[in-house]
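As a plain string of letters, each chain reads:
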There are 4 protein chains.
Amino acid sequence: MSNTTGTRIPGRNILAVPGPTNIPDAVLRAMVVSMEDHRSTRFPELTNGVLSDLKRLYKTTSGQPFIFPSSGTGAWEAALTNTLSPGDRVLVARFGQFSHLWADMAQRLGFEVEIVDVDWGEGVPVERIEEVLKADKKHQIKGILACHNETATGVTSDIGALRHAMDNAHHPALLFVDGVSSIGCIDFRMDDWRVDLAVTGSQKGLMLPAGLGILCVSPKALKAMEHAKSKRCYFDLGDMIKANATGYFPYTPALSLLYGLRAALDLIFQEGLDKVFARHHYLAQGVRAAVTEGWGLELCAKGPKWYSDTVSAIVVPQGFNAANVIDVAFRRYNLALGAGLSKVAGKVFRIGHLGDLNELMLASAIAGAEMAMLDVGIDVRPGSGTGAATQYWRTHDPRKAQTQQHADQVEPLRRVAAA
Amino acid sequence: MSNTTGTRIPGRNILAVPGPTNIPDAVLRAMVVSMEDHRSTRFPELTNGVLSDLKRLYKTTSGQPFIFPSSGTGAWEAALTNTLSPGDRVLVARFGQFSHLWADMAQRLGFEVEIVDVDWGEGVPVERIEEVLKADKKHQIKGILACHNETATGVTSDIGALRHAMDNAHHPALLFVDGVSSIGCIDFRMDDWRVDLAVTGSQKGLMLPAGLGILCVSPKALKAMEHAKSKRCYFDLGDMIKANATGYFPYTPALSLLYGLRAALDLIFQEGLDKVFARHHYLAQGVRAAVTEGWGLELCAKGPKWYSDTVSAIVVPQGFNAANVIDVAFRRYNLALGAGLSKVAGKVFRIGHLGDLNELMLASAIAGAEMAMLDVGIDVRPGSGTGAATQYWRTHDPRKAQTQQHADQVEPLRRVAAA
Amino acid sequence: MSNTTGTRIPGRNILAVPGPTNIPDAVLRAMVVSMEDHRSTRFPELTNGVLSDLKRLYKTTSGQPFIFPSSGTGAWEAALTNTLSPGDRVLVARFGQFSHLWADMAQRLGFEVEIVDVDWGEGVPVERIEEVLKADKKHQIKGILACHNETATGVTSDIGALRHAMDNAHHPALLFVDGVSSIGCIDFRMDDWRVDLAVTGSQKGLMLPAGLGILCVSPKALKAMEHAKSKRCYFDLGDMIKANATGYFPYTPALSLLYGLRAALDLIFQEGLDKVFARHHYLAQGVRAAVTEGWGLELCAKGPKWYSDTVSAIVVPQGFNAANVIDVAFRRYNLALGAGLSKVAGKVFRIGHLGDLNELMLASAIAGAEMAMLDVGIDVRPGSGTGAATQYWRTHDPRKAQTQQHADQVEPLRRVAAA
Amino acid sequence: MSNTTGTRIPGRNILAVPGPTNIPDAVLRAMVVSMEDHRSTRFPELTNGVLSDLKRLYKTTSGQPFIFPSSGTGAWEAALTNTLSPGDRVLVARFGQFSHLWADMAQRLGFEVEIVDVDWGEGVPVERIEEVLKADKKHQIKGILACHNETATGVTSDIGALRHAMDNAHHPALLFVDGVSSIGCIDFRMDDWRVDLAVTGSQKGLMLPAGLGILCVSPKALKAMEHAKSKRCYFDLGDMIKANATGYFPYTPALSLLYGLRAALDLIFQEGLDKVFARHHYLAQGVRAAVTEGWGLELCAKGPKWYSDTVSAIVVPQGFNAANVIDVAFRRYNLALGAGLSKVAGKVFRIGHLGDLNELMLASAIAGAEMAMLDVGIDVRPGSGTGAATQYWRTHDPRKAQTQQHADQVEPLRRVAAA
């Protein structure tokens, strides 16, 4: 670990937690900036550019993005307090630590929270939600909170299907989505799915340090804001709308992170948003091959339907404590794995596979997890994880697939290799 | 300006706004960090270190510091919502845009705000406050909000005297102090003055980019928290206390800024906190010499009693628009001056003199302001501002003063010069 | 000073030596790079780009630029050893420490050096050179070494006139030019002047740290290389030509500096090379106004004909030691002034005004020099230097002039200079 | 690859060439410095510190280190030209591209070079050298050039044995050692082995960008300098000795690299030089396990006696072109492997395992090499390389070994794991 001041383990810390993620050099560089006057005549150029590109990231034309100096948790709060009034009822599906925490926040902020509990390992139970909504004839439910990607269990929910269920129930509730560990990694369609409030943070798919809470808000939600009586000031969207309109912020913005965001969005659109999604899926498949085929272990996610392309929670065999795997990985191999949280503490360890990643960065995480498991006595075959992952990757080159979609060409790399 | 992407004016932008301030190289460097697991076993070393040193910065042993990913505005909100309940009465002295905004926030968050308006250019009216407190027999006033340094007008208030007034009135209200543009620059004594909630941000005396809201809380205020019914979650101190206790944060911290904070605190204590204050005073005196002796202009601050050692608001002569001075300074000379806000818009421009500064950095700001004033037709003598400032500085070397305090030595620099 | 590890003087060190120069943020950032394989298939993109843009910098189409990991001194050696044979005669005009050192190098490398000594404060004596060349009927002189800008005295020579003199004498010697402190700052015309070997370094007009020695070589000089018998290997142009041809280097290149060079060239061409020259002249005029009009002092350069737009050597009055001015400036005011070297040691201090500079950066250097002079007892009026400089700058805005050019088409620089 | 400007492959480029090596964050950060006056009164602190610590790196008390702005190639030249005269005879053992190039340089610089050719894959033939020396009764051989670690073949020679051979022959020649890819990685004992001139560069064990050529010189070699008649100026040690004596350099030093060197030396001595060597051996053993046990391939190095702890050259099976492996690794997997050079071009690819490395960084290089080999048709079992390497590392923890040397303790990590 290179940053902390104590005894340093040589070499690069392999960062395989599901956020914060690895910062690309171009983004790291972009944050080496002198301070400047955030009320200057030139500043709006930066503001307008990043806000405009965030709309592309959210796949929205009508939604309005907001950037707060905060964590994603702050953006959760902004979403709730700007659109709801004390005592408003919200419906939350809970199936992991982060969906739990968001429900908990809603309660603490004074809303009436109806929780639909689901086994950890599954995601938003669309049918049950539809039933609840249909039963809510009076439309007392004002908001539905859905975690697009539950970071704690490695489960992705189908937000399009959730919208479909809401439509079936003809329910006017606002759709709140936590996209902290999905946006910029897994396809997210603000407009197609008519998401009303979509939350993310800087430290996951956006490949930045934590410090920016990002929220995108539909016109419908902006309208709801007018009648929302929750107290708010720091996170007030009204202040932001007014200041952003001319390219400024209501208070001093987190300048270095904004410049980093500028660079991160550039990288994403240079690669192509859909290619970013394809890459995340491809890399995730390799990790899953390592877990299931290589190690013969199980994922916390109960079936491919729920598999997350940004994080895998791996269940250690009975009798072992996943915390030990994580501890050995960190102390002995300079590898940061994600811990199991709450209900799954000790039962799973997590490999984050999101952000600026490629096959070999994941290969080292897989190799390290394997070594740590062996060290604590878990019986996996040395090399089995990397072998399974690399075989998947070798045979599923996404660039090759993309090439073949466009034309029936001879694959160029192989030709180079055979020359 | 080196950061924005449009046409660049060559050379360094001279940053003379009262925050964000110039980042020392050592701090800029310290923020070039790879991300890491904020739940690792090594992370508490960082957390504990900065929290501990923040206590030294606040001159407190009993107070507890908190660091939020937010601006200073967020820390204002944290102070209010964690200790007050809806409808609680607070007393605010208002004499500038920032004291105004804090009062406004208190109103929007649902507190009953009693405002004592004071002419802009003066500070906290200690006698009037004492009267109000004495009249509040039932102790309905729960908090007093005081802006230690009003950034908009360049006015510093006497918080020790305010505490004295509260004591005279035997009033138990909590003392809230906005130290955003004072802490780390002007002597601030949390314990001596029994301040209950003291707010600052990262982008002023701490010489960092914006992005950290910092709050220090007295034991009395922490106790008040138990009964405070304001809704809060992101800014909840309880969550922070719990997580900080083991060296962690309740949500992903703004890592690069924390490493920057580590480096900034190191610089401050290497220089010596009291020497930092002395330097700010010495530099401010030079700026004031430029304004009053050199240019023959007036400060917004009405008399030396109110002079701020971190920012000077300079009143342009009748018939001139200070906004033009600022505009010419920025576009023509690559100098960022602070604008007049609200009541004093167009009437003043501001020179920030806080953070990592020295004589010559200020000399360039003074020279640039002078040129811009001349360009818009204000009649000042070329060189008069720098001449007056430099004469002050030449004859008031703080290091010399310190040396002579300790011993009656021959001044070493002069000897070198004469050798 | 922010870098060294001892006691730090607060604030930014004002760097007013004539190199290394201030690094723009964009260049500093560009050097924050991970290492990479310098033999990769992608590397030539970087090599080819910088080599191609160096030709634009030199104003040459036929010349070939070379980049060595070395200082400018190394490029001097490369120029000599690649084109001359032991015992070859070279003619050098000597009028400062750097022209002296180059002559000295030529002697040490085994060439026969004929020195034309000139008073320090003047430059290449074109008429005397012409006489010498005319007298050299047998063309025994193989090379003429000319310092375009003598950094030690602040004197610029007229290389075009030197070429004219060589033409008048019909002399075939190679023309070697030291452009270390001129190229990228003062108009340099490799092709127009038929310069054969033009040397520069990274740390002056190129706004980089030292570490790259840069040389541009005419076809005539490349041809001379074939018969040059001086021993050389590290600096051998033949190895470079061969490797550069495919975009590589014969040994590991100084990668971070190359990326910095890429960024620096981008900045120069974004501003416009001729605008960069105009800016240097404009800024230099302000400094000279401070020296002569403001302080009533003299420049080492004997008359406007020799004035350098990149560095001014300022003569202190009789009875004072310029070293003391420099020492006080550094220790007391965090200002780095250039020292007088060799013959002018103690008699002059130097202000570098080259690279990424603007008016206010120089204003602080002038203010600091003024304070230091006063501190050592030199009688200058406080504010007189900045007053004179800023008055010049206020009334000679080069951007304003350029705007008028399109209307009037009168050549702006000459007007500025003559004003 | 994150630096170049063309299409970017996502994620970190895995840098497994044998230099330049991975830069630790602490070193990268340390090079983010503003320029400063390299003739200031504070500068010697930096110079003296790094020169002093370089002596520790070389394990010398009597030797004198020198730092040139150059590549390691420049330091080769400095070693030769400062101690030899034209026509002097040197003896070189040649067994790879770098020993070849050094011999070639010696010829080009005008020395008489006697080459002892050895099969590529072996190192300095100590017995044969001893014979040659014994036969050289007149002591016409003035220098012996030995490549401590031949980077092209992954072969380490025994310099101690070479010194023993010289002693046996009672031969007074100077001992020149190329330690570019060994010093700071493999035990190097300047004093014990009485090495006279030891060359290294910044971009290998010192974990910096290229740009510094480093040379350490024995008192005997310094004495030889007095009579050495080779022409030299840029690389003249005399100039350096004179300037270094007061903490300065004869020309502008490569400042950012010097600050990086300061940080790199700090990292090395914090870890402990001998622990750095042990780590390199441990990591290299893992790579060799991957190659021989995992893949069933052969190293270019002919037997353990010659195995290099900093680079492994891996022989691809007959019928395959190693260049294709390298090309696929780079284009498809963002992995930079070292190419086979000259005689072994196409026959080997190289994995550098030197500098700031750990197990998992190498695991990714091994995994990538394996994938690339499979892609070009080489028959290795997926996961076999990482499996073999990780098994080695798991069972040979150097920290564990060190602990047990000191005390017969229970191994702490295992206890944690079992808790």
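By the naming in an unreviewed UniProt entry, chain A is Aminotransferase class V-fold PLP-dependent enzyme, taken from Paraburkholderia tagetis. Recorded in UniProt for chain A, the comment headed Cofactor (unreviewed entry) runs: "pyridoxal 5'-phosphate". Taken directly from UniProt, the Sequence similarities (unreviewed entry) text for chain A runs: "Belongs to the class-V pyridoxal-phosphate-dependent aminotransferase family."

Enquirer: Please give an account of the packing of helix 10 (residues 273-294) of chain B against helix 13 (residues 384-394) of chain B that cites residues and values.
Expert: Residue and element names in this part refer to chain B. Two numbers describe how helix 10 lies on helix 13: the axes approach to 7 Å, and their chain directions differ by 135 degrees. Relative to helix 13, helix 10 is oriented oblique. For helix 10 against helix 13, the interelement crossing comes out right-handed. Of the residues in helix 13, those in contact with Gln285, Gly286, Val287, Ala289, Ala290, Glu293 and Gly294 of helix 10 are Ser384, Gly385, Thr386, Gly387, Ala388, Ala389, Tyr392 and Trp393. Among the residues making up the contact of helix 10 with helix 13, the classes are represented as 7 nonpolar, 7 polar and 1 charged.

Enquirer: Outline the interface of chain B and chain A, supporting the account with residue identities and numerical values.
Expert: The interface of chain B with chain A comprises 56 residues on the first partner and 56 residues on the second. At the level of elements, helix 2 (43-57), helix 3 (72-83), helix 4 (97-108), helix 9 (255-271) and strand 13 (335-339) of chain B are the ones that each hand at least two residues to the side of chain B that touches chain A. With 4 residues, helix 9 of chain B is the largest single contributor of residues to the side of chain B that touches chain A. Partitioning the side of chain B that touches chain A into residue classes produces 27 nonpolar, 21 polar and 8 charged.

Enquirer: Tell me about the interface of chain C and chain A, and please be specific about residues and values.
Expert: Contact residues are listed per partner, giving 6 residues for chain C and 6 residues for chain A. Residue classes in the side of chain C that touches chain A are distributed as 3 nonpolar, 1 polar and 2 charged.

Enquirer: How would you summarise the domain arrangement of chain A if you had to cite specific residues and measurements?
Expert: All names here are of chain A. When cut into domains, chain A gives domain 1 (14-20 + 272-401) and domain 2 (31-269). The gap between the C-alpha centroids of domain 1 and domain 2 is 28 Å. Contributions of two or more residues to the side of domain 1 that touches domain 2 are made by helix 10 (273-294) and strand 12 (311-315). It is helix 10 that provides the largest number of residues to the side of domain 1 that touches domain 2, a total of 4 residues. Residues that form the side of domain 1 that touches domain 2 fall into these classes: 15 nonpolar, 7 polar and 5 charged.

Enquirer: Could you give an account of the sheet that holds strand 5 (residues 141-147) of chain B, naming the residues involved and the relevant values?
Expert: Residues and elements named next belong to chain B. Ordered by their spatial adjacency, 7 strands build an open sheet running 2-10-9-8-5-3-4, and the pairing between neighbours is mixed. Two strands in the sheet have a free side with no partner beyond their single neighbour: strand 2 (64-69) and strand 4 (112-117). Neighbour to neighbour, the strand axes of the sheet diverge by 20 degrees on average, direction disregarded. Here strand 3 (residues 89-94) pairs with strand 5 via 4 bridges, running parallel. From the neighbouring strand, Val92 faces strand 5, where its bridge partner is Leu145. Contacts from helix 3 reach strand 2, strand 8 (174-178), strand 9 (197-201) and strand 10 (212-217) within the one sheet, and its direction differs from that of strand 9 by about 160 degrees.

Enquirer: Run through helix 6 (residues 159-168) of chain B, naming residues and quoting values.
Expert: Residues and elements named next belong to chain B. Within helix 6, the full set of buried residues consists of Ile159, Leu162, Arg163, Ala165 and Met166. Seen end-on, helix 6 carries its buried residues on one side only, within an arc spanning 155 degrees. Looking at the packing, one finds that the buried side of helix 6 touches helix 5 (126-135), strand 5 and strand 8. Count one or two residues on from helix 6 and you reach His170, which has phi positive near 50 degrees.

Enquirer: So, the UniProt feature "binding site: substrate" (unreviewed entry) in chain A: which residues are in play, and what are the values?
Expert: All names here are of chain A. Annotation from UniProt places "binding site: substrate" (unreviewed entry) at Arg350. In this structure, Arg350 sits in strand 14 (residues 348-352). Beyond its immediate chain neighbours, meaning those up to four positions away, Arg350 contacts Pro18, Gly154, Val311, Ser312, Ala313, Leu337 and Gly338.

Enquirer: Explain the sheet that holds strand 14 (residues 348-352) of chain B residue by residue, including any values.
Expert: The strands making up a sheet associate through backbone hydrogen bonding, with each pair oriented either parallel or antiparallel. All names here are of chain B. Pairing in this open sheet of 5 strands is mixed, and the strands run 1-13-14-12-11 from one edge to the other. Edge positions in the open sheet fall to strand 1 (14-16) and strand 11 (298-299), since each of these has one partner strand only. Pairing of strand 1 with strand 13 involves 3 bridges; the strand directions are parallel. Note on strand 13: the bridge partner recorded for Ile14 is Leu335. Of the strands in this sheet, strand 13 and strand 14 touch helix 11 (residues 322-333), which is tilted by about 160 degrees from strand 13. Its contacts with the sheet put helix 12 (residues 359-375) on strand 1, strand 13 and strand 14, and the angle it makes with strand 1 is roughly 90 degrees.

Enquirer: Run through the UniProt feature "modified residue: N6-(pyridoxal phosphate)lysine" (unreviewed entry) in chain A, naming residues and quoting values.
Expert: Residues and elements named next belong to chain A. Sequence positions flagged by UniProt for "modified residue: N6-(pyridoxal phosphate)lysine" (unreviewed entry) are, in local numbering, Lys204. Mapped onto the secondary structure, Lys204 falls in the loop between strand 9 (197-201) and strand 10 (212-217). Excluding its chain neighbours within four sequence positions, the residues that come into contact with Lys204 are Gly19, Thr21, Val180, Ser181, Cys185, Leu354 and Gly355.

Enquirer: Break down the packing of helix 13 (residues 384-394) of chain A against helix 12 (residues 359-375) of chain D for me, with residues and values.
Expert: Relative orientation and spacing of two packed helices are given, respectively, by the angle between their axes and the distance between those axes. Contact geometry for helix 13 of chain A and helix 12 of chain D: axes closest at 10 Å, N-to-C directions at 45 degrees. Taken together, the axes of helix 13 of chain A and helix 12 of chain D lie oblique to each other. Judged by the sense of rotation from one axis to the other, the crossing of helix 13 of chain A with helix 12 of chain D is right-handed. Here helix 13 of chain A contributes Thr386, Thr390, Trp393 and Arg394 of chain A to the contact with helix 12 of chain D, which in turn contributes Ala367, Glu370, Met371, Leu374 and Asp375 of chain D. A per-class count over the contact of helix 13 of chain A with helix 12 of chain D returns 4 nonpolar, 2 polar and 3 charged.

About the cut-offs
Residues numbered from 1 in each chain as written. Chains lettered and ligands numbered in written order. Predicted model: local features only at pLDDT ≥ 70, side-chain atom pairs only at ≥ 80, totals over all residues. UniProt positions renumbered as here; feature names shortened; annotations may be inferred. Axes fitted to C-alpha atoms, helices over the stretch in contact; angles between N-to-C directions. Helix = DSSP H or I, 4+ residues; strand = E, 2+ residues; numbered from the N terminus. Parallel < 35°, antiparallel > 145°, perpendicular 65-115°, else oblique. Left-handed = near helix turned anticlockwise from the far one by under 90°. Contact = placed C-beta atoms within 7 Å. Nonpolar A, V, L, I, M, F, W, Y, C, P; charged D, E, K, R; others polar. Domains from an automatic or database assignment. Pairing = 2+ DSSP bridges. Buried ≥ 20, exposed ≤ 12 C-beta atoms within 10 Å, placed from the backbone. Arc of directions from axis to C-beta.

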